[in-house]
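Next come the chains, spelled out residue by residue.
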Amino acid sequence: MNKIIVVDFGGQYTQLIARRVREAHVYCEIVPFDAAMDRLTSEDVRGYILAGGPNSVNDPGVPMCDPALLDLGKPVLGICYGAQLMAKLLGGIVDKPETGEYGGVDVVYDERCALFAGLNPNSTVWMSHNDAIVKMPQGFVSAAHTPHCPIAAMAREDQQLYALQFHPEVQHTKLGFDILKKFLYDICHCAEEWIIGDLAGGMIASLKAEIGDRRVLSALSGGVDSAVASVLVHKAIGDNLTCIFVDHGMLRKNEAERVLQVYRDEFGMNLIFVDAKERFLSKLKGVTDPEEKRKIIGTEFIRVFEEEAAKIGSPEILVQGTIYPDVIESGVGHANTIKSHHNVGGLPENMAFTKIVEPLRGLFKDEVRALGVALGIPASQVWRQPFPGPGLAVRILGEITPYKLKIVQDSDAILREEIAAAGLERDIWQYFTVLPNVRSVGVMGDGRTYDELVAIRAVTSSDAMTVDFARIPYEILAKISSRIIAEVDHVNRVVYDVTSKPPGTIEWE
Ligand code: GLN
C-alpha cells in the first residue's frame, strides 16, 4: 500500500496532519525527526510531510531531519516549522519578522503552483508562527502571500519540494484539506486505498494467522477500543477467545446488561460475567481518599481478573485495545515517548502471557469507531463516552455506599436520556452527574428538606487535553434538573459545573 511519512518535530498538530491524510484515504505513519533514514525510505513511501514544531530553526540543538530526505527525488511538503526547516536546510534564510501571525489571515494563492491549481486564489489560512522564511533557497518561488508574509508558501516544483507557512490541517484554513489532497493525489500520486471498512477482512485474516489455535483472553470493559479489538479477535478465532467482564458495581445504570446483550447475545462471544459488586463495595467501605479508592479498585480488578483466568486454565495470549496515539514515538522528549496502554482498572502486569495481541495499534480513535461500525457494533457502543476505569467511584466524593451509587446511576441515566433526546450526544465530549457529598436545605411539597446535591458535568473537547463546559441550552438543563429532583430519591438540588480544563479536570476525583 502507498504510504506517506509524517515527520514529527514536536508540534501540536502532528497527529491531526496524519488523521487528515488518512481521511483522504491514504495510509500514513508518524515517525520521530531523528529516525534513521532506512526507516523512512521503503519503496511504498510516496512522499513526506515535515510537520510543525515549537522551536525556532535558528536555535542550537533543535530537531532537524536528515537533509538527505530532501534529496530522495520524492515529494516533500513542509508545514510551518517543517517549511522553515526546508528553507534553512537548502540554504534559505529564516528570521523573526516584526510581526508574527496568529489566527486566521487572508491569503492569496498562486494558481500556477500544483498545490493550489484550480482553487479559489483568495482565501483564509490559519497561521501560528513567530519566525518566517525571509529568503528562499535557490530555485524556489513564492506560491502564496498574506499581508504580513510574502512567502506564505514556496515551491520548487522540478524537485517536488513544497512548503507552507500556514496550517492546512486545521479547519480554520478554508481550503486546507483540498491542498493536502492535491499534495497526496496530484503530487505524490497516492491512490485512495486506506478505507477502514475494507480493512476488517485483512485484519481478521492476519489475526487468525498470528494466533493460530492458541487461546486468547480479553478484559472487556465495554469501552470502544477493547470492544472493537475483542470483536475482531472473535471473528478471527471464535470461541478460542474468552472475554472477562468484571462488574465492579460502579458502572452506569444498565451498562453491564447492555454489554452482555451486545457481545454475548448478539455477537455470540464467549463472555464470562463476574458479578463482583459486593466484593468491591466491602473493600471500599469507609474509604474516602480518592487515590486510595482508585488503588483499591485497580488492585481488586486485577485479582478478580486473575482468578477468573485461572479458572479457565489461563489462556496464554491477551488482547488489548491499544490504539495508535498510545504508541507513537515522538523523539522530541515528551514525558512519555512510548506510553503503554492501560486497560480498565490497570493491567494484570504480573500475569504470564506469552503474547499480547493489539489489533488496533495502527488506528486513530475515529478509525476505531469506523471499524466498529463496519463490524456491526451498535452505535451506542461505538460512540460510548470515555469512561474511567474506576467508574462512578470517582464521581461520588467521599465514601462509596449503595445509597450513593443509586443516586449517581439514576441521575446519570436521566442526564443521558435528555442529552440524547436533545440530539446533543455527539456535540458533547463527556457528560455525567456527580454526587459531591453535600446536603442543603430545600422545600418540597411544602415541607422542609435537607438532602443531597447533584452536580452536572458536561464538557466539549476534541482530545480531552483541554475542555470547556458545554453550553447546554437552559431549557434542557431545566428539564434535566426537574426530572432528577422529581425522579431520584434524596436529591433536592441540582447545579451545573461551569469550569473549563485547565484549571479544572473533567472528573471530580
Ligand atoms: N516555532 C516556529 C515559529 O514560531 C514554528 C511554529 C509552528 O510550527 N507552528 O515560527
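Calculation notes
Residues numbered from 1 in each chain as written. Predicted model: local features only at pLDDT ≥ 70, side-chain atom pairs only at ≥ 80, totals over all residues. Heavy atoms only, no water. UniProt positions renumbered as here; feature names shortened; annotations may be inferred. Domains from an automatic or database assignment. Contact = heavy atoms within 4.5 Å. Buried area = accessible area lost by both parts, 1.4 Å probe. Salt bridge = Lys/Arg side-chain N within 4 Å of Asp/Glu carboxyl O. Polar contact = N/O pair within 3.5 Å; in protein donor to acceptor, adjacent residues only side chain to side chain. Helix = DSSP H or I, 4+ residues; strand = E, 2+ residues; numbered from the N terminus. 1 Å grid on protein atoms, 1.4 Å probe; cavity = no way out; pocket = protein on both sides within 12 Å on 5 of 7 lines; lining within 4 Å. Buried < 20%, exposed > 50% of the residue type's maximum accessible area, 1.4 Å probe, protein only. Expected span 1.5 Å × (residues − 1). Pairing = 2+ DSSP bridges. Axes fitted to C-alpha atoms, helices over the stretch in contact; angles between N-to-C directions.

Going by what an unreviewed UniProt entry lists, the protein chain is known as GMP synthase [glutamine-hydrolyzing] and is assigned to Gehongia tenuis. Its UniProt record gives the protein chain the following Catalytic activity (unreviewed entry) comment, quoted word for word: "XMP + L-glutamine + ATP + H2O = GMP + L-glutamate + AMP + diphosphate + 2 H(+)". The UniProt entry for the protein chain carries this comment under Subunit (unreviewed entry): "Homodimer."

Colleague: Outline the domain arrangement of the protein chain, listing residues and values.
Modeller: On domain assignment, one finds that the protein chain holds domain 1 (3–187), domain 2 (196–382) and domain 3 (401–496). In this structure, domain 1 and domain 2 have C-alpha centres spaced 38 Å apart. With 15 residues of domain 1 in contact, the opposing surface of domain 2 contributes 13 residues. Carbon and sulfur atoms supply 51% of the area that domain 1 and domain 2 bury against each other, a total of about 1100 Å² over both sides. If you look at where domain 1 meets domain 2, you find two salt bridges. The partner of Asp366 in a salt bridge is Arg19, with the nearest N and O atoms 3.4 Å apart. Run the count over domain 1 and domain 2 and you get four residue pairs in polar contact (both at pLDDT 80 or more). Contributions of two or more residues to the side of domain 1 that touches domain 2 are made by α1 (14–23) and β2 (28–32). In terms of residues, the side of domain 1 that touches domain 2 owes the most to one element, α1, which gives five residues.

Colleague: Account for the UniProt feature "active site" (unreviewed entry) in the protein chain, naming residues and giving values.
Modeller: Those residues carrying the UniProt feature "active site" (unreviewed entry) are Cys80, His167 and Glu169 in this numbering. The named residues occupy 90 residues along the chain; their greatest pairwise C-alpha distance, 11.2 Å, places them in one compact cluster. Of the annotated residues named above, the ones that line the second largest pocket are Cys80, His167 and Glu169. For Cys80, the location among the structural elements is in the loop between β4 (76–79) and α3 (81–89). Overall, the relative accessible area of 6% leaves Cys80 in the buried class. Excluding anything up to four places from it in sequence, Cys80 contacts Gly52, Ser128, His129, Leu164, Gln165, Phe166 and His167. Looking at the secondary structure, you find His167 in the loop between β11 (161–164) and α4 (176–187).

Colleague: How would you sum up helix α7 (residues 255–266)? Please name residues and give values.
Modeller: Between its terminal C-alpha atoms α7 stretches 15 Å, which fits the 16 Å expected from twelve residues at 1.5 Å a residue. Within α7 the residues assigned to the buried category are Glu255, Ala256, Val259, Leu260, Val262 and Tyr263. For α7, the elements touching its buried residues are α6 (224–237), β13 (241–247), β14 (270–275) and α12 (379–382). Looking one or two places after α7, you find Gly268, whose phi comes out positive at around 65 degrees.

Colleague: Go over the pattern of salt bridges, please, and point to the residues and values.
Modeller: The full count for this structure, using the stated rule, is 30 salt bridges. Here Arg112 and Asp110 are joined by a salt bridge, their closest N and O atoms 2.7 Å apart. A relative accessible area of 71% places Arg112 in the exposed class. The partner of Asp497 in a salt bridge is Arg457, and the shortest N-O contact between them spans 3.3 Å. Taken together, the residues span a long stretch of sequence, with Asp497 in the segment after β21 (491–496) and Arg457 in strand β19 (residues 447–460) at a distance of 40 residues.

Colleague: Give me the sheet that holds strand β1 (residues 3–8): which residues, what numbers.
Modeller: Read from one edge of the open sheet, nine strands run β2-β1-β3-β4-β11-β10-β9-β6-β7, paired in mixed fashion. Both outer strands of the open sheet, β2 and β7 (122–129), are each paired with one neighbouring strand and no more. With strand direction ignored, the average angle separating the axes of adjacent strands in the sheet is 30 degrees. The sheet contact formed by β1 and β2 spans five bridges and is parallel. From the neighbouring strand, Val7 faces β2, where its bridge partner is Val31. α1 contacts β1, β2, β3 (45–50) and β4 of the sheet and is inclined by roughly 160 degrees relative to β2.

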